[in-house]
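Single-letter residue listing:
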Amino acid sequence: MAKLNCDHVIDYLNGTLSKEEQLEFEQHLKTCTDCQEIIEMTGDLPYLADPVDPPAGMKARILSTVFEEEQKKSEEVKRGTRSAYHTKSGEKEE
Ligand SMILES: [Zn+2]
C-alpha cells in the first residue's frame, strides 16, 4: 500500500494528481521519509507555485537520479560500508 503512494510522488511533483489524490499523498508524505527526501531535493512544492507547466522532464530526471543513488547505497551496504545507513540513527520522528 505504501509503495503505491510512493509512486504518486512523481505525479505529485508534476502537479497531475487530483485534489483527492493530492490530499491522500500528503497524508502519506507525513510518514514517508523517502518521499520527503525526494520532495526536498526538488526544492519546491508545485501546488504552491504558479500554475504554469511544470518542468516534468527535468523533475523526472531528478527522480531517476534519486532512485539510482538509492541503488548505489544498497550496493555499498552489500560491500560492507554500512555507515551509509547510519546517518539517521539518532533521529526520532514525532
Ligand atoms: Zn513514500
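Residues numbered from 1 in each chain as written. Predicted model: local features only at pLDDT ≥ 70, side-chain atom pairs only at ≥ 80, totals over all residues.

**Q** How should I be thinking about the overall build of the protein chain in this particular structure?
**A** Secondary structure summary: the protein chain contains four helices and zero strands in total. N-terminal to C-terminal, the α/β element order of the protein chain is α-α-α-α. Contacts in the protein chain between residues far apart in sequence, at least 24 positions, make up 56% of those at least 6 positions apart. (Helix = DSSP H or I, 4+ residues; strand = E, 2+ residues; numbered from the N terminus. Contact = placed C-beta atoms within 7 Å.)

**Q** Is there a simple way to explain the nonpolar core in this structure?
**A** Inside soluble globular proteins, nonpolar side chains tend to come together where they are buried. Counting residues in each nonpolar core, the largest one holds eight residues, listed as V9, Y12, L13, L17, F25, L29, C35 and I38. Broken down by element, this core gets its largest block of residues, three residues, from helix α1 (residues 2–14). Excluding anything up to four places from it in sequence, V9 contacts C35, I38 and I39. (Core = buried A, V, L, I, M, F, W, Y, C linked by C-beta atoms within 7 Å. Buried ≥ 20, exposed ≤ 12 C-beta atoms within 10 Å, placed from the backbone.)

**Q** Would you mind showing me how to read the confidence of the model for the protein chain here?
**A** Where the model shows low pLDDT, its predicted coordinates should not be examined in detail. Considering every residue of the protein chain, the mean pLDDT works out to 76; 63% of them sit at 70 or more. Within the protein chain, no element has a lower average pLDDT than helix α4 (residues 56–79), which sits at 75, and none a higher one than helix α2 (residues 19–31), at 94. (pLDDT = per-residue confidence, 0-100.)

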